[in-house]
2 protein chains.
Amino acid sequence: MASALSGSGERLGGDDRLTFFNHYFEETGLGVGDTSDGSQVRLEVGAPGKPELEDCIDILNKATQHRMQTENGYMFQYGCWRGDCKFRLQMSKFLTEEYDDEVDCEELMVTCGATNGIYMVTSLLFNRGDIVFIEDPSFFIALQIFRKDLGMKLVPVPSNDEGINIEEFDKVLSEYQRASSHQPTEERPYWSMVYLIPTFNNPKGTCLSPERCKQVVTLARKYNILILCDDVYNLLSYIPGEKPEDKPLPSPRRLFAYDKKTDPDYVGNVISNGSFSKILGPGMRIGWVEAPRKVLNVLEKSAYTWSGGGWNNYTSAILASALELGLVSKHLLMIRKKYRDNLDSVYQTLIDDMPSGVKIIKPQGGFFIWIEFPENIDAGKLGEYCENEYGVSFAHGKNFSTTGSFRNCARVTITYYERDVLVTAAQKICAASKTFCRG
Amino acid sequence: MASALSGSGERLGGDDRLTFFNHYFEETGLGVGDTSDGSQVRLEVGAPGKPELEDCIDILNKATQHRMQTENGYMFQYGCWRGDCKFRLQMSKFLTEEYDDEVDCEELMVTCGATNGIYMVTSLLFNRGDIVFIEDPSFFIALQIFRKDLGMKLVPVPSNDEGINIEEFDKVLSEYQRASSHQPTEERPYWSMVYLIPTFNNPKGTCLSPERCKQVVTLARKYNILILCDDVYNLLSYIPGEKPEDKPLPSPRRLFAYDKKTDPDYVGNVISNGSFSKILGPGMRIGWVEAPRKVLNVLEKSAYTWSGGGWNNYTSAILASALELGLVSKHLLMIRKKYRDNLDSVYQTLIDDMPSGVKIIKPQGGFFIWIEFPENIDAGKLGEYCENEYGVSFAHGKNFSTTGSFRNCARVTITYYERDVLVTAAQKICAASKTFCRG
């Protein structure tokens, strides 16, 4: 089913979110989550909610004071290419603990958020017209960066609840590699890449199974491609511990860790692209790439990185203090518990109130619940109806597809509003679904 | 003399600076300007000095406190595509006052520094392989972004002390336009661009004369190209007022203002790409583009900007307070006076002590003094000698050229060190020059 899509201007959807941000932030300037009279609840928004962001005020205040006390001006200068040393050190400690898996400081580079990571990796390591393999469905804005901004060709590969279909992927890789005339160089080591969201996938919330993680790495090595993992939800696991009051367990092992340096055929094929946008605040514009040294080498020796002196030196220096003071870990635990409760409540509401034939996937982390209506239901029309009648909107499944699939699907957030608002909105979606499914 | 240079990996030089930052920031972590025993003075460094950066600690502390007092969490959310509204409003006031020329808030967009502005404009508005016209000499790292990172073809155009040679530019534009098959679209409105540093040029310190500003705009309209102005030094004018104690006058009018919207043939051909890196601290990674609305439209509607929710929302929100409190204006006035004094002293030293036949251009603003040794002098060899014998290094003129020109030239900073260090270093360069020129 794979077909190359050219870099034309067609939007993959998401205009609702576009209009939403435009309306709320640009025009009214109401600020985060201020839905004023509450008449419109927009469950398509993938962003932290107002209380979580308010919490950041205190965190950044404390971190700024802490850093400034010992600061000599260094944070205001052109920085190291890989980013503030203290930040990278603190990050490796923080990630090692939160992942429960070792993260090497020498494999980290600061970015100006995951978007910047995607753009930098893609524009520096690949050429316009090169192929990016993608899961179908996948995160629509990333697809637009590849296709619209950077003129890459997208080749969708089907996926199921365990992730990308390995047999199909093997087949298209073989087919496209034969057609490629790429000669690997130090600066362009791969002829193609695959963009994956292996952990708490956007939109589906699912995780790539350990078996498939191994298989994907094997394929990447076999065909010499890069795996760019959008790992922005990895720290948001709600997997229960032994007792209900325990801290949720870490998320499943990130794909990066499956590309083991001790393997005899290791060459370095995986990038883990992380961000503080989902766990602290998107406005910080701070992220990191965890990548093989040969990839970091290309990124850090680019004129792009050189000219600016690394990425967001100031903000990352402040965050180094936030990490050192344990403020990020504390905040993260708080939001994981809160989002887990939101998830449980919204999921239960959907399970209880949805008409029969509707499949709801319960994720174990992340921002979203994915709903599959019966095949004959157009979730876009249902969304319109729900918005008009109930004032509740959600993301339409087809927006996440480059093949026009998932028309019967929807994605709802569990983060942007407080639990009572989310549950009421879920009830309204269920009511709309009942009416709509009836005819 | 124009010739297209392909996007191969050849470095244009500047390895000294690369090594320097690597040494001082990455390896020793000594921090800004800490040359420890003072045995090496590196006048190639184009960065603010330690005291100026220390001043930023106070500014950012105050601004953070101010902003946080009235903050509702908004600054931590995905932002407007063009950037924090308060910041853009404060910026238009600040720039209008400092330029003594109107800057429209609606023509501003926040960037993550001038480098980000260059990269975003070039990668979004142009294709790999497109032509970028450049002055010869020009800022070498920008040239590498174009050529090495983004695979553009560079076409150098000669310039003299008044800026780019208009006749020559007309000729090459005509020649290359004929060969172009570009069809203008909303997203790719220009077939080519010229990269200029019209105000306090890097490396020469000169300004494009008003007459040439008009001519360049006329050519841009005639041939439908974009003018990307690196305007990072525009706020650093040292032009004396009536009395010596007066605030220095504003810099000559920026090129952007010559592209008048009231002109009958106005279409919008100029971008002013600004930054806080030279006037506050590079580590902030905050800049702005002032651009025609049709260009902003492409930038802000890119998936790149959409996905991240604008650029450096948090830092720009803090800077909005710094601007509102007048802290930036105050700091700027302080550094303009300080750098002017540095410039006067270093220039006088060079004039007094250089052997005959050496031409020194005194700039009226910016970061650098450009020195032209007699044609038979290799300034690279002189630099090596000066570094070995006197512990003073500077940037070699040929690093700023894509044509191998300016081998007899050198660029020295007037900002990175305190005045006494700069003057002593200048004396040493003069001494080395005397010995070296004698043979």
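Everything quoted here is computed from the prediction, not taken from an experiment. Residue numbers restart at each chain and count upward from 1, following the sequence in its written direction. Labels follow written order: the first chain is A, the first ligand is 1, and so on. The predicted nature of this model means local features are confined to residues of pLDDT at least 70 and side-chain atom pairs, given and counted, to a pLDDT of 80 or more, with totals for whole chains, interfaces and linings taken over all residues. No hydrogens and no water enter the side-chain calculation; it runs on all heavy atoms of the structure.

A.B. asks: Account for the sheet that holds strand 13 (residues 395–396) of chain A, with residues named and values stated.
C.D. replies: Residue and element names in this part refer to chain A. Strand order in this open sheet of four strands is 10-11-14-13, and the pairing throughout is antiparallel. The sheet terminates laterally at strand 10 (359–361) and strand 13, the two strands that pair on one side only. A pair of strands is considered paired only if DSSP assigns at least 2 bridges between the two. Numbering of helices and strands runs from the N terminus; a helix is a DSSP stretch of H or I covering at least four residues, while a strand is a stretch of E covering at least two. Relative to strand 11 (residues 368–372), strand 10 is paired through three bridges, and the arrangement is antiparallel. The partner of Ile-360 across the bridge, within strand 11, is Ile-371. Contacts were defined at the residue level, with two residues in contact if any of their heavy atoms lie within 4.5 Å. Helix axes are fitted only over the stretch in contact, all axes being lines through C-alpha atoms; the angle between N-to-C directions runs from 0 to 180 degrees. Sitting on the sheet, helix 11 (residues 327–353) is in contact with strand 10 and strand 11, with an inclination near 15° to strand 11.

A.B. asks: So, the interface of chain B and chain A: which residues are in play, and what are the values?
C.D. replies: Interface extent is often summarised as the accessible area lost during association of the parts. Counting from both sides, the interface comprises 76 residues of chain B and, opposite them, 75 residues of chain A. As a working definition, buried area equals the accessible area (1.4 Å probe) given up by two parts on being put together, with both sides summed. Broken down residue by residue, the surface that chain B buries against chain A is led by B:Phe76, B:Tyr78 and B:Trp306, which jointly contribute 13%. Any carboxyl oxygen of Asp or Glu that lies within 4 Å of a side-chain nitrogen of Lys or Arg is treated as forming a salt bridge with it. Here chain B is connected to chain A by zero salt bridges. What qualifies as a polar contact is a pair of N or O atoms within 3.5 Å, subject to a donor-acceptor requirement within protein and to the restriction that residues adjacent in sequence count only when both atoms come from side chains. Applying the counting criterion to the chain B and chain A interface returns 35 residue pairs in polar contact (both at pLDDT 80 or more). Within the residue set of the side of chain B that touches chain A, elements represented by two or more residues are helix 1 (15–27), helix 2 (50–69), helix 3 (85–99), helix 4 (114–125), helix 5 (140–149), helix 9 (303–308) and helix 10 (313–324) of chain B. A total of nine residues in the side of chain B that touches chain A trace back to one element, the largest contributor, which is helix 2 of chain B. The classification used treats Ala, Val, Leu, Ile, Met, Phe, Trp, Tyr, Cys and Pro as nonpolar, Asp, Glu, Lys and Arg as charged, and all other residues, Gly among them, as polar. By residue class, the composition of the side of chain B that touches chain A is 35 nonpolar, 25 polar and 16 charged.

A.B. asks: Account for helix 4 of chain B, naming residues and giving values.
C.D. replies: All names here are of chain B. For a helix, the expected span equals 1.5 Å multiplied by the number of residues minus one. Taking 1.5 Å per residue, 12 residues should reach 16 Å; helix 4 reaches 16 Å between its end C-alpha atoms and fits that length. Taken across its 12 residues, helix 4 has 12 buried, putting it largely inside the fold. The complete set of buried residues in helix 4 reads Ala-114, Thr-115, Asn-116, Gly-117, Ile-118, Tyr-119, Met-120, Val-121, Thr-122, Ser-123, Leu-124 and Leu-125. Exposed residues in this analysis have more than 50% of their type's maximum accessible area, buried residues have under 20%, and partly exposed residues fall in between, with area computed by a 1.4 Å probe over protein chains only.

A.B. asks: I'd like a description of the side chain of B:Ser251, backed by residues and values.
C.D. replies: All names here are of chain B. Mapping Ser-251 onto the fold places it in the loop between strand 7 (226–230) and strand 8 (270–275). With relative accessibility at 10%, the residue Ser-251 sits in the buried group. From its side chain, Ser-251 meets the backbone oxygen of Asn-234 in a polar contact 2.8 Å long. Discounting residues that sit within four places of it in the chain, Ser-251 has contacts with Thr-199, Phe-200, Asn-234, Ser-237 and Ile-239.

A.B. asks: Lay out the relation of the copies chain B and chain A in plain terms, naming residues and giving numbers.
C.D. replies: The superposition of copies rests on a least-squares fit of C-alpha positions from residues with pLDDT of 70 or more in both. Under the fitted operation, chain B is carried onto chain A by 0.0 Å of movement along the axis and a turn of 180°, and the coordinates agree to an RMSD of 0.0 Å. Put plainly, the chains are arranged around a two-fold axis. Both copies share a contact surface, since 99% of the interface residues of chain B are interface residues in chain A too.

A.B. asks: How would you summarise the pairing of strand 11 of chain A if you had to cite specific residues and measurements?
C.D. replies: Residue and element names in this part refer to chain A. Among the five residues that make up strand 11, five are buried, leaving the element largely enclosed by the rest of the structure. The side-chain alternation of strand 11 yields two buried faces, one formed by Phe-368, Trp-370 and Glu-372 and the other by Ile-369 and Ile-371. Linkage of strand 10 to strand 11, two consecutive antiparallel strands, is achieved through a turn of six residues, within which Gly-366 is found at a positive phi near 90°. Bridge analysis of strand 11 against strand 14 (residues 409–413) gives five bridges, and the strand direction is antiparallel. Note that in strand 14 the partner of Ile-369 across the bridge is Val-412.

A.B. asks: Account for the environment of B:Ser209, naming residues and giving values.
C.D. replies: Residue and element names in this part refer to chain B. Note that Ser-209 resides in the loop between strand 6 (192–196) and helix 7 (210–223). Under the relative-accessibility criterion, Ser-209 is labelled buried at 13%. The spatial distance from the C-alpha of Ser-209 to the C-alpha of Asn-116 is 27 Å, given a sequence separation of 93 residues.

A.B. asks: Could you give an account of helix 12 (residues 379–390) of chain B, with specific residues and numbers?
C.D. replies: All names here are of chain B. Every buried residue of helix 12 is listed here: Ala-379, Gly-380, Leu-382, Gly-383 and Cys-386. For helix 12, the buried positions fall inside an angular range of 160° around the axis, keeping them on one side. Away from the buried face of helix 12 by more than 90 degrees, exposed residues Lys-381, Glu-384, Asn-388 and Glu-389 are located. The secondary structure elements touched by the buried residues of helix 12 are strand 12 (392–393), strand 13 (395–396), strand 14 (409–413) and helix 13 (419–438). Residue Asp-378 occupies the N-cap position of helix 12, its side-chain oxygen lying 2.7 Å from the main-chain nitrogen of Gly-380. By construction, the arc corresponds to the directions joining the helix axis to the C-beta atoms.

A.B. asks: Hey, could you go over the packing of helix 2 of chain B against helix 10 of chain B for me, with residue numbers and the actual values?
C.D. replies: Residues and elements named next belong to chain B. Between helix 2 and helix 10, the least distance of the axes is 8 Å, while the angle of their chain directions is 100°. Viewed along their axes, helix 2 and helix 10 adopt a mutual orientation that is roughly perpendicular. Between helix 2, through Ile-59, Leu-60, Ala-63, Thr-64, His-66, Arg-67 and Met-68, and helix 10, the contact on the second element is made entirely by Tyr-314, Ala-317, Ile-318, Ala-320, Ser-321, Ala-322 and Glu-324. Of the residues assigned to the contact of helix 2 with helix 10, the class counts are nine nonpolar, three polar and two charged. An angle below 35 degrees is read as roughly parallel, one above 145 as roughly antiparallel, one from 65 to 115 as roughly perpendicular, and any other as oblique.

A.B. asks: Tell me about the confidence of the model for chain A, residues and numbers included.
C.D. replies: All names here are of chain A. Summary statistics for chain A give a mean pLDDT of 90 and a share of 91% for residues scoring 70 or more. A score between 0 and 100, pLDDT records how confident the predictor is in each residue. Overall, residues 1–36 carries pLDDT values under 50, and its contacts beyond four positions in sequence, including any with other chains, amount to 90 contacts. In the model output, the complex is listed with pTM 0.91 alongside ipTM 0.89.

A.B. asks: Describe the nonpolar core, naming the residues involved and giving the relevant values.
C.D. replies: Nonpolar side chains in soluble globular proteins tend to end up buried together. Remark: nonpolar core denotes a set of buried residues (Ala, Val, Leu, Ile, Met, Phe, Trp, Tyr, Cys) joined through side-chain atoms within 4.5 Å. Among the nonpolar cores identified, the biggest contains 242 residues, and A:Phe146, A:Tyr195, A:Phe276, B:Phe146, B:Tyr195 and B:Phe276 are the most heavily contacted of them. Beyond its immediate stretch of four places on either side in the chain, B:Phe276 contacts B:Phe87, B:Met91, B:Gly281, B:Ile286, B:Gly287, B:Trp288, B:Leu319, B:Leu323 and B:Val328.

A.B. asks: Pulling in residues and values, what's your account of the sheet that holds strand 8 (residues 270–275) of chain A?
C.D. replies: Residue and element names in this part refer to chain A. With mixed pairing, eight strands are arranged side by side in an open sheet as 2-9-8-7-6-3-4-5. With partners counted over all chains shown, the strands left at the sheet margins are strand 2 (108–111) and strand 5 (163–164), one partner each. Two elements, strand 7 (residues 226–230) and strand 8, share four bridges in a ladder whose sense is parallel. Paired with Cys-229 across the two strands is Ser-272, which belongs to strand 8. This element, helix 4 (residues 114–125), spans strand 2, strand 6 (192–196), strand 7, strand 8 and strand 9 (287–290) of the sheet and lies at about 165° to strand 7.

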